[in-house]
Amino acid sequence: MIKSTTRAVVLGAVAAMTGSTAMADGHAITVGYFLEWPMPFQYAKVNGDYEEALGMEVNWVSFDTGTAMSAAMASGDVNMSVSQGVPPFVVATSAGQDLQILDVAVSYADNDNCVVRSDLEIDKNSAEDLAGAKVAVPLGTAAHYGFLRQMDHFGVDLTSLEIVDMSPPDGAAAIAQGSVDMMCGWGGSLRRALEHGNVLLTGDEKTELGILVFDVTSAPTAWVAENEDTVAKFLAVTADANAKWNSGEHTDEMLSVIAQDAGMDLDATRATLDTFVFPPVEEQLGEAWLGSAAPSFLKGVADVFVESGSIDAALDSYEGNINTGPLSSLDM
């Protein structure tokens, strides 16, 4: 049984929140992000490019999950979140939180997955043997969505599993200790878990099944409406950092800075970034992403969560939760 409801996670107190906070008052904004999740924006973050472009202080707050980001934005402690997973965004908006997607932060398929403990000797050909397993899953996240889709694909009855709401770092520790049979997570936690187990499906196999995995930059609708210029400038700095990374001409220069800010060593940072895709602005605005695919995908994620009992209901449409205005205004 699921030990805590997704709604409680969304509306509960902000957990795993570190660093300073300041409200957007014309002098500062506060932005959420993940540690052990290396991205080009961190090069700009360290170099002060955001402050220079925005003309104000930018306070950065690290989180363990996208659901905690939602809670922080709901309370007003955080103004924007970089690389929030689509599932936690869908969970929050389905519960009535008025958030908007502002860009596609990163696309990844091999960096978010579920790991089965090695000694169980369960793979994609014997997934039915998971019945009765204890699974660590961060509820309402991309990992949760991927877990639900994989269990549906393999025909594993959710009621046959003991599902425990657990952050990826805790899940990785639990599988290492043998206290859970499977964990789902991402980034450094996923890499650590893989030292003690195996995935059921590869990133390519998940993609073939339509289990897409991507993150977004998100913010409360009212805040975006009041700070459109700030939002556009912020997205421009992010897009410039992505373009610099995608060019391949600044890898050595950027890698060490990103690794240090992410709290990772160079090899792990390089390995992680090799599995990430940072779509250019023009692609993000195209039909394959924010143009038409994203609203349909958001609805699909919501429907899966409703069917699994993770959320009470889905919105009729999520088109109103995608705002391409600031991104469209960029001269890239």
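Every chain begins its residue count from 1, and numbering advances along the sequence as written. Totals for whole chains, interfaces and linings use every residue, but because this is a predicted model, local features are given only for residues with pLDDT of at least 70 and side-chain atom pairs only at 80 or more, for both listing and counting. Calculated side-chain values reflect all of the structure's heavy atoms, with hydrogen atoms and water omitted.

A word on the overall build of the protein
Secondary structure counts use DSSP, requiring at least four H or I residues in a row for a helix and at least two E residues in a row for a strand, with both numbered from the N terminus. Counting its regular elements, the protein contains 17 helices and eleven strands. Each radius of gyration reported is based on C-alpha atoms, and the globular scaling rule is 2.2 Å times the count of residues to the power 0.38. Over its C-alpha atoms the protein spans a radius of gyration of 19 Å, differing by no more than 12% from the 20 Å that the globule rule assigns to 332 residues. If one aligns the C-alpha atoms of the protein with their principal axes, the spans along those axes are about 55 × 45 × 35 Å. Within the protein, buried positions represent 55% of all 332 residues. Long-range pairs, those at least 24 residues apart, make up 80% of the contacts in the protein between residues at least 6 apart in sequence. On the protein, roughly 13100 Å² of surface is accessible, and the fraction owed to carbon and sulfur atoms is 48%. Positive charges are assigned to Lys and Arg, negative charges to Asp and Glu, while His and the chain termini are left out of the count. Every charge is mapped to an atom, namely NZ of Lys, CZ of Arg, CG of Asp or CD of Glu. For the protein, the separation between the mean place of its 14 positive charges and that of its 48 negative charges on side chains is 5 Å. Relative accessibility thresholds used throughout: buried, under 20% of the residue-type maximum; exposed, over 50%; partly exposed, between the two (1.4 Å probe, protein chains only). Contacts are assigned to residue pairs with any non-hydrogen atoms lying within 4.5 Å of each other. To be clear on the numbers: accessible area is Shrake-Rupley with a 1.4 Å probe, and residue cover counts the displayed protein chains and nothing else.

Overview of the sheet that holds strand S3 (residues 80-85)
Two strands qualify as a pair provided that DSSP identifies no fewer than 2 bridges between them. Pairing within the open sheet is mixed, and its six strands lie in the order S2-S1-S3-S10-S4-S11. With partners counted over all chains shown, the strands left at the sheet margins are strand S2 (57-63) and strand S11 (276-277), one partner each. Here strand S4 (residues 99-108) pairs with strand S10 (residues 214-220) via seven bridges, running antiparallel. Bridge pairing links Asp103 to Thr217 in S10.

Description of the side chain of Lys206
Within the element layout of this structure, Lys206 appears in helix H9 (residues 203-208). The side chain of Lys206 sits in the buried core without any salt bridge; Asp112 is the nearest counter-charge, 5.0 Å away. Within the structure, the side chain of Lys206 is placed 2.3 Å from the backbone oxygen of Asp112, a separation counted as a polar contact. Take a side-chain nitrogen of Lys or Arg and a carboxyl oxygen of Asp or Glu: if they are within 4 Å of each other, that pair is a salt bridge. Nitrogen and oxygen atoms within 3.5 Å of one another constitute a polar contact, given that in protein one can donate a hydrogen and the other can accept it, and given that sequence-neighbouring residues count only through two side-chain atoms.

Observations concerning the environment of Gly185
In this fold, Gly185 is placed in strand S8 (residues 182-186). Relative accessible area serves as the criterion here: at 0%, Gly185 is assigned to the buried category. Measuring from C-alpha to C-alpha, the distance between Gly185 and Ala172 comes to 8.0 Å, with 13 residues separating the pair along the chain.

Comments concerning the packing of aromatic side chains
Here the aromatic set is Phe, Tyr and Trp, taking the six-membered ring for Trp, and pairing holds for ring centres within 6.5 Å; pairs whose planes are under 30 degrees apart are stacked, those over 60 apart are edge-to-face, and all others are tilted. By the definition in use, this model includes 15 aromatic pairs. Taken together, a centroid distance of 6.1 Å and an interplanar angle of 35° make the contact between Trp60 and Phe234 tilted. Linking Trp60 in strand S2 with Phe234 in helix H11 (residues 228-247), this pair joins segments that are 174 residues apart in sequence. No difference in accessibility class separates Trp60 from Phe234, as the two residues are buried. Look at Phe276 and Phe278: their rings are 6.0 Å apart centre to centre, the planes differ by 85°, and that puts the pair in the edge-to-face class. Here the aromatic residues Tyr33, Phe41, Tyr50, Trp60 and Phe234 are joined through ring pairs into a cluster of three or more.

Re the confidence of the model for the protein
When pLDDT drops low, the exact placement of atoms in the prediction is not to be read closely. The pLDDT averaged across the protein works out to 90; a share of 92% of its residues lies at or above 70. Confidence per residue, as judged by the predictor, is encoded in pLDDT with a range of 0 to 100. Low pLDDT (under 50) marks residues 1-25, which in the prediction has 66 contacts with non-local residues, meaning those over four places away or in another chain.

Some thoughts on unusual backbone geometry
With phi around 70°, Ser83 is a residue other than glycine that occupies positive phi space. You can see Ser83 is positioned in strand S3. If you check the backbone angles, Glu121 has positive phi at about 55° while not being a glycine. With respect to the helices, strands and loops of the structure, Glu121 is situated in the loop between strand S5 (112-117) and strand S6 (134-137). On the basis of relative accessible area, Glu121 is assigned to the exposed category, the value being 68%.

Description of the nonpolar core
We define the nonpolar core as a collection of buried residues of types Ala, Val, Leu, Ile, Met, Phe, Trp, Tyr and Cys that are connected through side-chain atoms lying within 4.5 Å of one another. Counting residues in each nonpolar core, the largest one holds 96 residues, and the members touching the most others are Ile29, Trp60, Leu130, Phe147, Leu161, Met182 and Phe234. Top contributing element to this core by residue count: H11, with eight residues. Other than its neighbours up to four places away in sequence, Phe147 contacts Cys114, Val135, Val137, Leu158, Leu161, Ile163, Met182 and Cys184. Counting eleven residues, the second largest nonpolar core, distinct from the first, contains Ala136, Met166, Ala174 and Leu190.

Notes on the sheet that holds strand S9 (residues 197-199)
Taken in spatial order, the five strands of this open sheet run S7-S6-S8-S5-S9, and their pairing is mixed. With partners counted over all chains shown, the strands left at the sheet margins are strand S7 (162-165) and S9, one partner each. Ignoring strand direction, the axes of neighbouring strands in this sheet form an average angle of 25°. Bridging between S6 and S7 involves four bridges; their strand directions are parallel. Across the sheet, Val137 pairs through a bridge with Asp165, a residue of S7. An axis is simply a line fitted to the C-alpha atoms; with a helix, the fit covers only the stretch in contact. Between two such axes, the angle follows the N-to-C directions and lies from 0 to 180 degrees. Each of S5, S6 and S8 is contacted by helix H7 (residues 168-177), which is oriented at about 145° to S8, the strand it contacts most.

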